Structures are given as structure tokens and as C-alpha cells.
Amino acid sequence: MERVFTRINQKMKLSQRFLVDFRSSAEETGYKRDGIWIGQGQRARELMMVKDGCMAVRHGTESPDTVSMLINCGETAIPTHGLFLGERSPYTYQFLTDAEVFVMADRALESLLVKYDDTRVLLNFLLAEQLRKQEEHSLMLACFGPEARIEYAHAHYQTPFQLLTREGQASFLGMSKRVYQRYL
């Protein structure tokens, strides 16, 4: 959580009172490897910050190797479908390692939104980071060849990428397992 606050405070300062209330509103909890935070078809009603560990975001549940995004230690997962739109998740959020996380329920978040303008600053920052990460991943898959994609995965997602199966790695890179294996 502190990593997130440090990144935000480089741009603009969050009030100390807000930070204290935010920390006290988030619950620290643990998940085991292969544990599911949110499954496809569930309504996500919380946001999560990964303190230690990593996870894969999978589209659908038919194939455990369909990987849409990876989340590293120190990053935030904001399931926008449920948290903001009230829709069921098209994704499954599954831990690749044992993990320690901070989770904030939607009611606590709503309470902070009413009380502090800093909450909007924080949410805007976190959503912008998530969007930037998704755009970068989409552009990488659309515009670059296999070698560049593999370099990108190792540079930005080293730990979670290594924990995926070969099929999962290929899926994350937007290629078939057969094509991926040619570049190993």
C-alpha cells in the first residue's frame, strides 16, 4: 500500500488524515497459491492492493491457461465491472503464489469518497495506472513480434510470468503454444 501512496505523492500530496483513514479501512488478509479472489460471474465489491505475491487475471474459466493480465507485488487490482458498474466479472482473479493483500470493501470506499476528495485523486490515479498497463499490453500484442513480447513479459512481469504454464505464457503473449515454443 505504501508503494502506491509513494507513487501518488510524487505527483500530488494526499492528506495525512486521509491516509490514516484509508489504511484503517483496508483489511489485510492472505490467500494461498491458486486461491481465487474473484471468479468469473461473481460481482466484485472491493478493490485490492497486493502487498506480497502475484496473480493472473484469466478470461473465462474453460481453460486455466487463458491469461489476460498479470498483477505484480505492489500493484492494485480494480475490478471495474463489479465495483463501479454493478456487473458480474468476465474474469477470474487467481493467485500464482501465496499472497498478502489489502482489501477494501465498496462500502468503506464509498464512505471515504463522501469524506475526502483525496479518495477521488487516489481512484483516478489507480484507474489511470490500470488503464495504462492494459493499453501497454494491448499495444504490445498488436504491434510487436514474438521476441519483443517475450522481452516485455520478462522485463515487466518476471515472477508471475515464470509461474505460468507454457500455455499460460503463450496466451499472455497472444500467441499459440506452438509459435511460442519456437522462440524459447
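Being a predicted model, the structure only gives us computed values, none of them experimental. (Residues numbered from 1 in each chain as written. Predicted model: local features only at pLDDT ≥ 70, side-chain atom pairs only at ≥ 80, totals over all residues. Heavy atoms only, no water.)

What follows concerns the packing of helix 1 (residues 2-9) against helix 5 (residues 118-143). It is at 11 Å that the axes of helix 1 and helix 5 come closest, and there the two elements cross at 100 degrees. As far as their axial angle goes, helix 5 and helix 1 are roughly perpendicular. Contact residues: helix 1 offers Val-4, Phe-5, Arg-7 and Ile-8, while helix 5 offers Leu-122, Phe-125, Leu-126 and Glu-129. The class makeup of the residues in the contact of helix 1 with helix 5 is six nonpolar, no polar and two charged. (Axes fitted to C-alpha atoms, helices over the stretch in contact; angles between N-to-C directions. Helix = DSSP H or I, 4+ residues; strand = E, 2+ residues; numbered from the N terminus. Parallel < 35°, antiparallel > 145°, perpendicular 65-115°, else oblique. Contact = heavy atoms within 4.5 Å. Nonpolar A, V, L, I, M, F, W, Y, C, P; charged D, E, K, R; others polar.)

With respect to topology, four strands assemble into an open sheet ordered 1-8-3-6, the strand pairing being antiparallel. Edge positions in the sheet fall to strand 1 (27-31) and strand 6 (76-77), since each has one partner strand and no second. Bridge count for strand 3 (residues 46-52) against strand 6 is two bridges, and the pairing is antiparallel. Among the inter-strand pairings, Met-49 is bridged to a residue of strand 6, identified as Thr-76. (Pairing = 2+ DSSP bridges.)

Let us look at the environment of Thr-66. Along the chain, the position of Thr-66 falls in the loop between strand 4 (55-59) and strand 5 (67-71). Judged by its relative accessible area of 29%, Thr-66 falls in the partly exposed class. Placed 106 residues apart in sequence, Thr-66 and Phe-172 show a C-alpha to C-alpha distance of 7.2 Å. If we skip the residues at most four places from it in the chain, Thr-66 touches Val-57, Arg-58, His-59 and Ser-171. (Buried < 20%, exposed > 50% of the residue type's maximum accessible area, 1.4 Å probe, protein only.)

Attention shifts here to helix 1. Those residues of helix 1 that sit buried are Val-4, Phe-5, Ile-8 and Asn-9. Along the axis of helix 1, the buried residues cluster in a sector spanning 125 degrees; they form a single face. Next to the buried residues of helix 1 lie helix 2 (16-25), strand 3, strand 6 and helix 5. (Arc of directions from axis to C-beta.)

On to the pairing of strand 3, then. Note: strand 3 against strand 8 (residues 99-105), six bridges, orientation antiparallel. Paired with Met-49 across the two strands is Phe-102, which belongs to strand 8.

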